[in-house]
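Below, each chain spelled out in residue letters.
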Amino acid sequence: MTVLTVLFLFSCTQKENSELIKPDPANIKVVGQSEAEMTSPPLVPKPVGNREATKLIVNMEIVEKEGQMADGVTYIYWTYGGTVPGSFIRTRIGDEVEFHLKNHPDNKLPHNIDLHAVTGPGGGAASSFVAPGHEIVFSFKVLNEGLYVYHCATAPVGMHIANGMYGLILVEPAGGLPKVDKEYYIMQGDFYTQGENGESGLQSFDMKKAIKEQPEYVVFNGSVGALAGDKAITANVGERVRLYVGNGGPNLVSSFHVIGEIFDNVHVEGGTLINKDVQTTLIPAGGSAIVDFKVDVPGTFIIVDHSIFRTFNKGSLGMLKVSGDENKILYSGKQQEGIYNPEGSAIQSMPSDNGKAETKKAANITERIAMGKQAYMRTCFACHQAEGQGLPNAFPPLAGSDYLNADVERAIDIVLHGKTGEITVNGKKYNSVMTKQELSDEEIANVLTYVYSSWSNSKKTVAGSSSAKVLVTAGDYFPLYGKDSITVHVSNLLVDVHPVTNIRFLEHVQKNKRWRKSKLKSLYGDENYLVEWPNDTTLPFMTDSTSPVTNISWFAAKAYCECRGERLPTVDEWEYIAMANQDMPDARALKTFNQYILDWYEKPRTNTKKVGSTFQNYWGVYDMHGLVWEWTMDFNSVMISGESRKDVTNDPLLFCGSGSEGANDLMNYAAFMRYAFRGSLKAKYSIQNLGFRCVKDTLITK
């Protein structure tokens, strides 16, 4: 062997060894500081390229909001950044991330975040438990390359994930990933609605289906059709496409496949191991994969979960539309866009003579309006238009219509039987035909309620506030939580019939200046205290004086009650009163009762309703569930840190496992979530969905 050959081999070996040696990510120094670019699916931030490791500021807001699950179907999503999945986060190895997690004031529940890219307790969950209207800041250093899932870990963990609380964080290597032409963000999730697939209206989460792992919807990016039609992702012939794919679960594994394509490279489970020439890749719940491929021919390529009934019957169908010149050598067939669409995304069935299914009844006015809007868009939109403006000289307006608002019974009769002939609306004459509508009585009620509640039309008046009290007689009961199976005794109490209203608290601060927002010491309330009041003694514009007062600290609520010679109820007293439904003092064993409470937890801004909007329970008390959370005297007698998957409480049986091992009734998630909410509070917190009522000890027995 020549000297030249030896030197050549030595230099090659030395080069290979040097490439294998990488710096310890923990010791990578950061340079400067920047704010992370955050994108909504299916978009991703720009690549990190050759930038140095840096201090990266991530701002993430949690939003609970209503969105479309499918045509005619809506759902209350719990989101990071307002979308499902949450905002895409892009980092590089060695970055130091300063994470700002903000829980929107309109939200009902505390939340947190577990980032699988984090090395630390709970993936950050233990440090990020945050109440509505507050912000938590924590930091971590990214030590491992790959694509990682993040999700909420507040109990019940499965419920938070099932409502859409998941997303992806990418950790690129130094120098970044190899360059491609297009990059997209896709995440699969399974959703568990009370109604069957395709059942219209606002759907609520169904815990029983979730536990049985029987979803009604399995979708990409949070809804049926999120990646189809005009929302399809795109590329040009000859381009290389990279897909960052995650599976939020909470239950199902994804068999990810693009029909008509082969993945050139697959980062197995989102890590650094790369597999070649893959047809379908498995992505576990809470896992991910990075796939890339070159598109060689034009057409619409269908993206599916190859557990194929999910795709064509539950919604996991997307589209990649590729433009460019055909290549008959590579593919000679004729590509047809939407070839799989005829089977549809809802459950298919053969025609039958069973007739129209019975319309679901709305549980409350909010649900009736939502269902009415869906009916309006199906039956009224073409003639009367989206905003009720009608069509000039053809169909009269419904918006601000004097004819409509003058006679409700007449409006019902027209919908039932139709109308022919001339009418005058807002001074203009119309002579057209309104055909009889094939709607059930419930659908007519829904659509007219929606119309009357919209576009400056008349509104239904709800009964106002009452300062009356009712007697709740003494009794013993088993609390939901606690390591000792002992009964709790509650003595006779006089209890406010309704939560304290805006007008009653206004009267209080007019007399007690120390509790005005400008006078309040920071020790007794945070910056959200009466935040919507324009000044000390004026209620917010458009706020009903008989809706419950919120954004009140525990100190202020306690002082209000004490000024009346009363007090806040204890947790045990509140739970004792709240376990009653309309007919019995303890309805906790009824699934329908717990489901009613869980449904309320998913509805936004119920605090704006008037008191008395919900049912009167066995004791004669209104609004224990359905309006606002309520302060208790000893709200923090049970403390949790927000990492619900391990023992972190004073009571070792309370919040371990899935967060309910210490519960006497393991299925009573409704009550558990109240304890979790209370555990997120501090006495100075003022939250938009948190009010209070007062009680008084009494010797009265009947």
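Check the entry above for the structure.
Residues numbered from 1 in each chain as written. Predicted model: local features only at pLDDT ≥ 70, side-chain atom pairs only at ≥ 80, totals over all residues. Heavy atoms only, no water.

### So, the overall build of the chain
- The number of helices and strands found in the chain is 14 helices and 30 strands.
- Every one of the 702 residues in the chain was classed for burial, and the buried ones make up 54%.
- Taking as baseline every contact in the chain between residues at least 6 positions apart, the subset at least 24 positions apart corresponds to 72%. (Helix = DSSP H or I, 4+ residues; strand = E, 2+ residues; numbered from the N terminus. Buried < 20%, exposed > 50% of the residue type's maximum accessible area, 1.4 Å probe, protein only. Contact = heavy atoms within 4.5 Å.)

### Section: unusual backbone geometry
- Of note, the bond from proline 41 into proline 42 is cis; its omega dihedral lies within 30 degrees of zero at 10°.
- Secondary-structure assignment places proline 42 in the loop between β1 (33–35) and β2 (55–70).
- Notably, arginine 605 is not glycine yet its phi reads approximately 50°, a positive angle.
- Relative to the helices and strands, arginine 605 is located in the loop between α13 (591–601) and β28 (629–630).
- What makes arginine 605 partly exposed here is its relative accessible area of 31%.

### A short note on the sheet that holds strand β24 (residues 469–472)
- Spatially, 3 strands are ordered β24-β27-β30 in an open sheet, and the strand pairing comes out antiparallel. Looking at the sheet topology across the chains shown, the edges are occupied by β24 and β30 (695–697). Averaged over all adjacent pairs, the angle separating strand axes in this sheet is 25°, with direction ignored.
- Where strand β27 (residues 493–496) and β30 come together, 3 bridges link them in antiparallel fashion. Within β30, the residue paired with leucine 494 across the bridge is lysine 696. (Pairing = 2+ DSSP bridges. Axes fitted to C-alpha atoms, helices over the stretch in contact; angles between N-to-C directions.)

### Quick notes on the environment of proline 41
- One can find proline 41 in the loop between β1 and β2.
- Sequence-wise, proline 41 and methionine 187 are 146 residues apart; in three dimensions their C-alpha atoms are separated by 8.5 Å.
- Residues within four places of proline 41 in sequence aside, it is in contact with Thr83, Val84, Pro85, Gly86, Tyr185 and Asn221.

### Notes on the pattern of salt bridges
- For the coordinates displayed, the defined rule picks out 26 salt bridges.
- Aspartate 292 serves as the salt-bridge partner of arginine 240, at 2.8 Å between the closest nitrogen and oxygen. On the criterion of sequence distance, the pair formed by arginine 240 in strand β14 (residues 240–249) and aspartate 292 in strand β19 (residues 287–294) is long-range, its members being 52 residues apart.
- What makes arginine 240 partly exposed here is its relative accessible area of 27%.
- The structure contains a network of salt bridges with shared partners spanning Arg90, Glu172, Glu183 and Arg242. (Salt bridge = Lys/Arg side-chain N within 4 Å of Asp/Glu carboxyl O.)

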